[in-house]
Amino acid sequence: MKRRNFLKSTGLIGALGVLPTGISLAATNKEKQRPALTIAHITDVHIRGNDNVPARAKKCLDEVLKHQLDFILNGGDSIHDASYDNVVRQQVTDQWAVWDEFIGRAKPKVYSCIGNHDPWWKAPDKNDEMYGIPYVVKRLKIPNRYYSFSQNGWHFIILDGNNSGIKLDKEQTDWLHQELEGLKPNTPVLLMSHYPILTVTGTWEGGQHGDHKELKALFYKHKDKIKVCLSGHQHLLDRAWYNGVNYFCNGAMSGFWWGKGDAKSAASYYYQETPPGYALLKLYSDGTVENEYFPYQFEI
């Protein structure tokens, strides 16, 4: 095996700093086989109008769009924050306007899920059109807070973990069971939630799905189908594997929320040891996957 292929398949590229193009978390080496789909996973953009963030985010999106993509998956926390107690209406409106301009440049279709920083809970009352999850659904232009779609033999399920305990509510849980039951055997499935269902980083960062045990059991029941789970939220890069499912937590486009970092940052703009960036996934018809993270260096 050539040295480059070995490093890519073992995920040592990023660790050794051998290749500057990306950090590979490849589950398999499929260089001689054409992928059924090539998609980008961006998450935790946390966009806002100050600190030159729109221009910096544009440059990062330009890098994403250099790839030949079938579509983009957006993992949530699209705007900087609407969830803090002191956020007022104009701040929410302004952040979503910046998001619209940012994501409007993407030519491939964008499928989004909802992050914890996206909903505005401090609206004057619950009848306000901007209150909570429904407004985020509208701004992200998605059909529902959870939904699914199929393309090129793969089935995609977008989840909403923004419930008490970071769990799926009963309505969504029942829907997920029915969704998986209704698929033909051996249909490869990718699930995306803002929060990781299984993550290496949970031991020091928190934020994992509170219903991960129930989801593990459900995934094992449908082990012929469930292949990939994508997440963000942690702003950290990791890969976990269990019962044939690859769990990829793909960092954050914003890195340290577009800032230079803190005492725990390994370098400028890093969140702990993870640089800002995005992931590129290649999905194959046999259910295998390659996930490669592309770090991005910000310029102020």
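Right above here is the structure, for reference.
Since we're looking at a predicted model, the values are computed, not measured. Sequence order as written defines the numbering, with residues in each chain counted from 1. For a predicted model such as this one, the threshold for reporting local features is a pLDDT of at least 70, and the threshold for listing and counting side-chain atom pairs is 80 or more; totals across whole chains, interfaces and linings nevertheless cover every residue. No hydrogens and no water enter the side-chain calculation; it runs on all heavy atoms of the structure.

**Student:** How should the overall build of the protein be read in this particular structure?
**Tutor:** Only runs of H or I of at least four residues qualify as helices and only runs of E of at least two qualify as strands under DSSP, and these elements are numbered from the N terminus. Summing up its helical and strand segments, the protein has 8 helices and 12 strands in all. Think of it in three bands: with a 1.4 Å probe and only protein chains considered, a residue is buried below 20% of the maximum accessible area for its type, exposed above 50%, and partly exposed in between. For the protein, buried positions account for 54% of its 300 residues. In this description, contact between two residues means that some pair of their heavy atoms is separated by no more than 4.5 Å. Long-range pairs, those at least 24 residues apart, make up 69% of the contacts in the protein between residues at least 6 apart in sequence. To measure how exposed things are, a 1.4 Å probe is used in the Shrake-Rupley method; for residues, cover is taken only from the protein chains shown. Surface summary for the protein: the accessible area is close to 13700 Å², and the carbon and sulfur share equals 51%.

**Student:** Where do I start with the environment of Lys213 in this structure?
**Tutor:** Position of Lys213 relative to the elements: it lies in helix H8 (residues 212–221). A residue is classified by how much of its surface remains accessible, and Lys213, at 60% relative accessible area, is exposed. Along the backbone, Lys213 and Leu198 are 15 residues apart, and their C-alpha atoms lie at a distance of 9.4 Å.

**Student:** For this particular structure, what's the right way to read the sheet that holds strand E7 (residues 189–192)?
**Tutor:** Adjacent strands of a sheet pair through backbone hydrogen bonds, lying either parallel or antiparallel. The 6 strands are arranged E5-E6-E7-E8-E10-E9 in an open sheet whose pairing can be described as mixed. In the strand order of this sheet, the two ends are held by strand E5 (147–151) and strand E9 (237–242), each with one partner. Within the sheet, the average angular offset between the axes of one strand and its neighbour, ignoring direction, is 15 degrees. Lines are fitted to the C-alpha atoms to define the axes, a helix being fitted only along its stretch in contact, and any angle between axes, read from their N-to-C directions, falls within 0 to 180 degrees. Of the strands in this sheet, E5, strand E6 (154–158), E7 and strand E8 (226–231) touch helix H6 (residues 170–181), which is tilted by about 180 degrees from E6. Two strands pair if DSSP finds at least two bridges between them.

These values are about where atoms sit, not about what they do.
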